[in-house]
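So you can see what is in the structure, the chains are spelled out below.
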Amino acid sequence: MSYYDYHTHTSFSDDCTYPMETQILHAIQHNFIKLCFTDHYDYDYPSTPDLTFDIDLPNYFKTFLELKEKYKDKIQLLFGIELGLQPHIYDTVNKVINDYPFDFVIASTHVVDKVDPYFGSYYLNKTKKEAYSRYLEDILYNVTNYDNYNVYGHLDYIIRYGHYEDKKLYYYNYSELIDKILMQIIETGHGIELNTSGYRKDLNEPHPNTEIIQRYRQLGGEIITIGSDAHFPKHLAYNFDMAYNVLKECGFKYFTVFEQRKPEFIKIPD
């Protein structure tokens, strides 16, 4: 099977140690057609001892161009980025996006009210409904007020870390908020991703979960990319066979890839 992975990380992301070339070589060995790098740019990420999620953009771009040329006969490489959106940083990240010729831009919510839900402090004095609703409200604000992206990443990211016995974000509990988010994404010509990292994090579903992907399709959503969110070579295109099955079960016949910020639709393999 051939692969198109549109959410991958390299050592240009603070939470990854593998060089870009290592990821490329693995992808070539495993029959990838397209590999899109989407390293983290989380401007004004809350201060921690080890992570800033800033990025050396000049070197990121330079390295990408060198490797794209080096491996041009073996794989198609795409230049992307994953924006960690917060409402107060739109102007700053917009300048970055406009300064570089990105093929693809993922917008993600990693920080809500200046706290990453990765950390337990986000959940203090919040019920599950309160914590998850606040997270979704932030996404709705972003998709309503920020436009310079292609797809919104892992819409239920919060369930990776939710400090609750049952972490799942059930559509029926948040249907009004989720529908508003999905309709805003659709009506503004954007899309979502199917992120397979949920499978390797023992969640047994992709991000967002199948209910949300199905609802996106029911509302008329067509643009959907597939990404592994890989930080290790072995996780590139992780469980993409299951991703294809989920898309077909939800009514999709095609998934989406991007080049120069423009979508192209690829038939889902049988």
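Just above, that's the structure.
Presented here is an overview of the structure given in this document. (Residues numbered from 1 in each chain as written. Predicted model: local features only at pLDDT ≥ 70, side-chain atom pairs only at ≥ 80, totals over all residues. Heavy atoms only, no water.)

1. Thoughts on the overall build of the chain
- Looking only at helices and strands, the chain features eight helices and nine strands.
- Over its C-alpha trace the chain gives a radius of gyration of 17 Å, about what one expects of a compact globule, namely 18 Å for 270 residues.
- With respect to the principal axes defined by its C-alpha atoms, the chain has extents near 50 × 45 × 35 Å.
- Across the 270 residues of the chain, 56% fall into the buried class.
- Restricting the contact set of the chain to residue pairs at least 6 apart, pairs at least 24 apart contribute 74%.
- Just so you have it, the chain exposes about 11900 Å², and 48% of that area is on carbon and sulfur atoms.
- Averaging the locations of the 26 positively and 40 negatively charged side chains of the chain gives two centres separated by 4 Å. (Helix = DSSP H or I, 4+ residues; strand = E, 2+ residues; numbered from the N terminus. Rg over C-alpha atoms; globule rule 2.2 N^0.38 Å. Buried < 20%, exposed > 50% of the residue type's maximum accessible area, 1.4 Å probe, protein only. Contact = heavy atoms within 4.5 Å. Areas by Shrake-Rupley, 256 points an atom, 1.4 Å probe, with all protein chains shown as cover. Lys, Arg positive; Asp, Glu negative; His and termini not counted. Charge placed at Lys NZ, Arg CZ, Asp CG, Glu CD.)

2. Digging into unusual backbone geometry
- Following His 207, the chain continues to Pro 208 via a peptide bond in cis, the omega torsion being -15 degrees.
- Relative to the elements of secondary structure, Pro 208 occurs in the loop between helix 6 (197-200) and helix 7 (210-218).
- For His 154, which is not glycine, the phi torsion reads 20 degrees and is therefore positive.
- Considering the arrangement of structural elements, one finds His 154 in the loop between strand 5 (151-152) and helix 5 (175-187).

3. Some details on the packing of aromatic side chains
- The final tally for this structure, using the stated rule, is 27 aromatic pairs.
- Between Tyr 60 and Phe 79 the ring centres are 4.9 Å apart and the planes differ by 45 degrees, which places this aromatic pair in the tilted class. In this pair, Tyr 60 is assigned in helix 2 (residues 57-70) and Phe 79 in strand 3 (residues 76-84), connecting sequence segments 19 residues apart. Across the pair, exposure class does not vary: Tyr 60 and Phe 79 are buried alike.
- Where Phe 64 meets Phe 79, the ring centres are 5.1 Å apart and the plane angle is 35 degrees; that geometry is what we call tilted. Residue Phe 64 is located in helix 2, and its partner Phe 79 is located in strand 3; the two are separated by 15 residues in the primary sequence. Of the two residues, Phe 64 and Phe 79, neither departs from the other in class, the shared state being buried.
- Ring pairing ties together the aromatic residues Phe 12, Tyr 60, Phe 61, Phe 64, Phe 79, Tyr 100 and Phe 102, which thus form one cluster.
- Over the face of the ring belonging to Tyr 174 we find Lys 129, whose NZ or CZ atom lies 5.7 Å from the ring centre. (Phe/Tyr/Trp six-rings, centres within 6.5 Å; stacked < 30°, edge-to-face > 60°. Lys NZ or Arg CZ within 6 Å of the ring centre and 35° of its normal.)

4. Remarks on a negative patch on the surface
- A cluster of acidic residues, Asp 14, Asp 15, Asp 54 and Asp 56, forms a negative patch at the surface.
- Judged by its relative accessible area of 44%, Asp 54 is partly exposed. (Patch = residues over 30% accessible without salt bridge, like charges linked within 9 Å, V, L, I, M, F, W, Y side chains within 5 Å. Salt bridge = Lys/Arg side-chain N within 4 Å of Asp/Glu carboxyl O.)

5. Quick look at the pattern of salt bridges
- Here the structure, examined in full by the defined rule, presents 13 salt bridges.
- Between Arg 134 and Glu 137 there is a salt bridge, and its shortest N-O distance comes to 3.7 Å. Of this pair, Arg 134 and Glu 137 both sit in helix 4 (residues 128-145), separated by three residues, roughly a single helical turn.
- Taking relative accessible area as the criterion, Arg 134 reaches 23% and is therefore assigned partly exposed.
- Residue Glu 137 is classed as partly exposed on the basis of its relative accessible area, which comes to 39%.
- Arg 134 is the salt-bridge partner of Asp 138, the closest N and O atoms lying 3.7 Å from each other. Placement of both Asp 138 and Arg 134 in helix 4 is noted, with a separation of four residues, approximately one turn of the helix.

6. Brief notes about the pairing of strand 7 (residues 224-227)
- Going residue by residue along strand 7, you find Ile 224 and Ile 226 tucked away on one face and Thr 225 and Gly 227 tucked away on the opposite face as well.
- Of the strand pairs in this sheet, strand 6 (residues 191-195) and strand 7 are connected by four bridges, and their pairing is parallel. Its bridge partner lying in strand 7, Leu 194 is registered against Ile 226. (Pairing = 2+ DSSP bridges.)

7. Side note on the sheet that holds strand 3
- Taken together, the seven strands give an open sheet; going across it, the order is 1-2-3-4-5-6-7, and neighbouring strands pair in parallel fashion. In this open sheet, the two strands that pair with only one neighbour each are strand 1 (3-8) and strand 7.
- Taken together, the eight bridges between strand 2 (residues 32-41) and strand 3 define a ladder with parallel strand orientation. In the sheet register, Tyr 41 faces strand 3, and the bridge partner there is Leu 83.

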